[in-house]
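The lines below spell out each chain.
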Amino acid sequence: MDDEKRRLLDCEKRAVGLLARREHSRLELARKLADRGFTADEVEPVLERLADEGWQSDQRYAESLIRARSARRYGPDRIANELAQQGVDESVAGAAFAAEPQDWEALAREQLVARFREPAEDFPERARRHRHLVRRGFPPDLAHELAGWWPELDESDSDLL
């Protein structure tokens with residue numbers, strides 16, 4: 001077996017090993033393989049083959065990232081930005097958001113209750129909550145709408161907070 005074939009097999013072996021641990025975007029996988037000393041000429045045919053055979057999918061990666069980040073109460077703007085940084089095409093990201101529907105308003109409400117523990121008393125506190133939600137990746141209009149929100153609980157629900 002010549003050296004070129006051996007390098008391609010080693011590149012593929014490492015790529016499959018990375019994909020066995022978790023989903024990767026095509027760009028992320030190419031970067032990791034380049035960091036391990038493989039050239040673009042070696043990486044590109046391996047990535048093509050893995051994508052053709054269904055081992056690597058930007059769609060699956062995007063859906064997985066959306067699930068993981070929304071479970072940690074991050075908003076859609078931050079998730080979309082992270083997908084763009086990982087080289088996921090905007091149309092693929094849009095399809096992944098459609099395939100993984102989320103109630104972003106409910107998620108933002110959960111984040112407010114988890115972070116702040118009591119209602120906002122004044123404008124500076126509402127502004128602080130607005131900034132927090134925007135930093136977490138929720139749209140500014142939703143953050144504005146929810147900055148002064150607090151759940152109405154009766155005394156039996158006080159253990160929820």
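Since we're looking at a predicted model, the values are computed, not measured. (Residues numbered from 1 in each chain as written. Predicted model: local features only at pLDDT ≥ 70, side-chain atom pairs only at ≥ 80, totals over all residues. Heavy atoms only, no water.)

**Observations concerning the packing of aromatic side chains**
Centre-to-centre distance and the angle between the planes together describe a pair of aromatic rings. Tallied over the entire structure, the rule returns two aromatic pairs. The interplanar angle of 50° and the centroid separation of 6.4 Å between the aromatic rings of W149 and W150 together place this pair among those described as tilted. In this structure, R136 packs its charged tip against the face of Y74, placed 4.0 Å from the ring centre. (Phe/Tyr/Trp six-rings, centres within 6.5 Å; stacked < 30°, edge-to-face > 60°. Lys NZ or Arg CZ within 6 Å of the ring centre and 35° of its normal.)

**Quick look at helix α4 (residues 58-71)**
Its 14 residues place the ends of α4 20 Å apart at the C-alpha level, agreeing with the 20 Å of an ideal helix rising 1.5 Å per residue. Taken residue by residue, α4 has D58, Y61, A62, E63, L65, I66 and S70 as its buried positions. Contacts from the buried residues of α4 go to α2 (26-35), α5 (76-85), α6 (90-99) and α7 (104-116). Where α4 begins, the side chain of S57 points an oxygen toward the backbone nitrogen of Q59, at a separation of 3.3 Å. Downstream of α4 by one or two residues, R73 has phi in the positive range, about 65°. (Helix = DSSP H or I, 4+ residues; strand = E, 2+ residues; numbered from the N terminus. Expected span 1.5 Å × (residues − 1). Buried < 20%, exposed > 50% of the residue type's maximum accessible area, 1.4 Å probe, protein only. Contact = heavy atoms within 4.5 Å. Polar contact = N/O pair within 3.5 Å; in protein donor to acceptor, adjacent residues only side chain to side chain.)

**Some thoughts on the packing of α4 against α5**
It is at 10 Å that the axes of α4 and α5 come closest, and there the two elements cross at 145°. Crossing of α4 over α5 shows right-handed handedness. In contact with Y61, A62, L65, I66, R69 and S70 of α4, α5 contributes I79, E82 and L83. Its residues placed into classes, the contact of α4 with α5 shows six nonpolar, one polar and two charged. (Axes fitted to C-alpha atoms, helices over the stretch in contact; angles between N-to-C directions. Left-handed = near helix turned anticlockwise from the far one by under 90°. Nonpolar A, V, L, I, M, F, W, Y, C, P; charged D, E, K, R; others polar.)

**Structural notes on helix α8 (residues 123-135)**
Here α8 spans 18 Å end to end across 13 residues, near enough to the 18 Å set by a 1.5 Å rise per residue. Residues of α8 that are buried: E125, A127, R129, H132 and L133. Each element contacted by the buried residues of α8 is listed here: α7 and α9 (140-146). The N-cap of α8, judged by a side-chain oxygen 3.2 Å from the amide nitrogen of E125 a few residues on, is D122.

**Quick notes on the nonpolar core**
Counting 21 residues, the largest nonpolar core has I79, L83, L133 and F138 as its most contacted members. If you list the elements that add at least two residues to this core, you get α4, α5, α6, α7 and α9. Tallying contributions element by element places α7 first for this core, with five residues. Setting aside residues up to four positions removed in sequence, I79 forms contacts with L65, I66, R69, S70, Y74, F97 and W104. Judged by nonpolar contacts, the second largest core, of 11 residues, contains L33, F38, V43 and L47. (Core = buried A, V, L, I, M, F, W, Y, C linked by side-chain atoms within 4.5 Å.)

**Description of unusual backbone geometry**
Trans peptide bonds make up most of the peptide bonds, and negative phi angles are found at most residues other than glycine. If you check the backbone angles, R73 has positive phi at about 65° while not being a glycine. Its location among the elements puts R73 in the loop between α4 and α5. Phi is positive for R117, close to 70°, though the residue is something other than glycine.

**So, the side chain of R129**
Tracing the sequence through the fold places R129 in helix α8. At 3.0 Å, the side chain of R129 forms a polar contact with the side chain of E125.

**A short note on the pattern of salt bridges**
As enumerated under the stated definition, the model contains 13 salt bridges in all. Between R60 and E23 there is a salt bridge whose closest N-O contact spans 2.9 Å. Separated by 37 residues along the polypeptide, R60 in helix α4 and E23 in the loop between α1 (3-21) and α2 bring together distant segments of the chain. Overall, R60 belongs to the partly exposed group, its relative accessible area being 32%. The partly exposed category is assigned to E23, whose relative accessible area is 23%. (Salt bridge = Lys/Arg side-chain N within 4 Å of Asp/Glu carboxyl O.)

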